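# Close look at the chain arrangement
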Amino acid sequence: MSDERTTEGPGGHSGQSFETLAIHAGNTADPLTGAVVPPIYQVSTYKQDGVGGLRGGYEYSRSANPTRTALEENLAALEGGRRGLAFASGLAAEDCLLRTLLSPGDHVIIPNDAYGGTFRLFAKVVSRWGVEFSVADTGDVAAVRAALTEKTKAIWVETPSNPLLGITDIAALATVAQGAGAKLVVDNTFASPYLQQPLALGADVVVHSMTKYMGGHSDVVGGALVVNDPDLAEELAYHQNAMGAVAGPFDAWLVLRGIKTLAVRMDRHSENATRIVEMLKSHPRVTRVLYPGLPEHPGHEIAAKQMKSFGGMVSFQVEGGEEAAVEVCNRARLFTLGESLGGVESLIEHPGRMTHASVAGSALEVPADLIRLSVGIESADDLLADLRQALG
Ligand SMILES: *Cc1c(COP(=O)(O)O)cnc(C)c1O
């Protein structure tokens, strides 16, 4: 990658607010036609003007593609990082990160309510290559300290976490990681950079499943890494090309388009979630509501400190156990029964049997009576009515 395509960090966009960057960073008008939206460069290779004479530095689309570059510049600006990298999926981004950071014998601390696919990547894939991991409650700084070994190279954090909406103090763990010579990795999928900026809080790497809030319309699978350290950025870019799980041009374009409305969508997701949480709190069939916006949530104060608002993910437990929870999911009409999250449409799911079935019996098992909502941006009144009828 030539330097002209290396994304500048916050300095390069100084003074501009998030909403402006979301729309403009990376989105320069097409030099050929003036098109205000970056075209989908659906192309694999580029004509050279004489051997080695690249126009604009592009030679092969695994290495770099202009639509992907636009997205990568945008990602870097939104997270306040020096470099953004776009991948075919969130897990592809994680895989690239792990194989860049880790060697056989290294140790990683992962959260006790990690995304199921992240846990599977550690337990079934990376562990076969001699990387060790231990599971800790990352919401408890002392527990993370206790899990450190001489070999710990990374502390992995998801905040808010999935599906229990646990909160981890990013700044506190950045200090712990620094002291241990380990990298702090924050999966920022649930918050999005609009609500939370881990690099500014001291994290070394931000991970995204862009499939969720970044894309925002349930029409694309993608992943991202954003970093500040120039050496780590170079290493990751090297591995991104060497491993090859890049975001395709159309997928990159869809995410870039989705990001333009990220700020307004996240505001609405948070507002609707707050209304729903209020209703659930007073509903006789609901035994517990998990939402970092609730004052009684154990991570509330930290969430209030490190997040702009509390996001669109809500989990709750119902009386009657697993069967009752499954029934509520099946009765929902406007809330679509489905996995994934972060789209404009509201989703409902039963983590125990759906997204988190693969962690049954492990340290990451979730309560059987738990229901997870991805609250969309429809009318809050319609969403409330649907949940009330589903709860019966
Ligand atoms: C979905 C998700 C991932 C994995 O991303 P994919 O795009 O599905 O590969 C990782 N972390 C979190 C928190 C997620 O929700």
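Above this note sits the structure.
About the criteria used
Residues numbered from 1 in each chain as written. Predicted model: local features only at pLDDT ≥ 70, side-chain atom pairs only at ≥ 80, totals over all residues. Heavy atoms only, no water. Near = heavy atom within 4 Å. Polar contact = N/O pair within 3.5 Å; in protein donor to acceptor, adjacent residues only side chain to side chain. Helix = DSSP H or I, 4+ residues; strand = E, 2+ residues; numbered from the N terminus. Nonpolar A, V, L, I, M, F, W, Y, C, P; charged D, E, K, R; others polar. Buried < 20%, exposed > 50% of the residue type's maximum accessible area, 1.4 Å probe, protein only. Contact = heavy atoms within 4.5 Å. Pairing = 2+ DSSP bridges. Axes fitted to C-alpha atoms, helices over the stretch in contact; angles between N-to-C directions. Phe/Tyr/Trp six-rings, centres within 6.5 Å; stacked < 30°, edge-to-face > 60°.

So, about the site of the ligand. Within the structure, the ligand sits among 14 residues, and L91, D187, S209, T211 and K212 are positioned closest to it. Between the ligand and L91 there is a distance of 2.9 Å, counted from an oxygen atom to a backbone nitrogen or oxygen. Contacts to the ligand include S209, whose side-chain N or O atom sits 2.8 Å from an oxygen atom. Of all the elements, helix α3 (residues 90-101) adds the most residues to the shell around the ligand, at three residues. Looking at side-chain class alone, the shell around the ligand contains four nonpolar, six polar and four charged residues.

The subject of this paragraph is the environment of N272. Take N272: it is sitting in helix α10 (residues 262-281). With relative accessibility at 3%, the residue N272 sits in the buried group. As for N272 and V375, which are separated by 103 residues in sequence, their C-alpha atoms are 6.7 Å apart. If we ignore the near neighbours within four places in the chain, the residues touching N272 are V375, G376, I377, E378, A380 and L383.

Another point: the sheet that holds strand β6 (residues 205-209). The seven strands lie next to each other as β1-β7-β6-β5-β4-β2-β3, forming an open sheet whose pairing is mixed. Looking at strand neighbours, the two that pair on one side only are β1 (83-87) and β3 (132-136), the edges of this open sheet. Adjacent strand axes in the sheet meet at a mean angle of 20 degrees when their direction is disregarded. Pairing of strand β2 (residues 107-111) with strand β4 (residues 152-158) involves three bridges; the strand directions are parallel. For V108, the partnering residue across the bridge sits in β4 and is A154. Contacting β4 and β5 (183-187), helix α6 (residues 170-180) runs over the sheet at an angle of about 150 degrees to β5. In the packing of helix α8 (residues 230-243) onto the sheet, contacts are made with β1, β5, β6 and β7 (223-227), and the angle to β1 comes to roughly 20 degrees.

Overall, mixed pairing links the five strands, which are arranged β8-β9-β12-β11-β10 in an open sheet. Only two strands of the sheet have a single partner each, and these edge strands are β8 (286-290) and β10 (336-337). The sheet contact formed by β10 and strand β11 (residues 347-349) spans two bridges and is parallel. What sits directly across from T336, in β11, is L347.

The next subject is the packing of aromatic side chains. One pass over the full model with this rule turns up seven aromatic pairs. Seen in terms of ring centroids, F122 and W156 are 5.7 Å apart; in terms of plane orientation they differ by 85 degrees. Their pairing is edge-to-face. With a gap of 34 residues between them, F122 in helix α4 (residues 116-125) and W156 in strand β4 connect regions that are remote in the sequence. In terms of burial, F122 and W156 fall into one category: buried.

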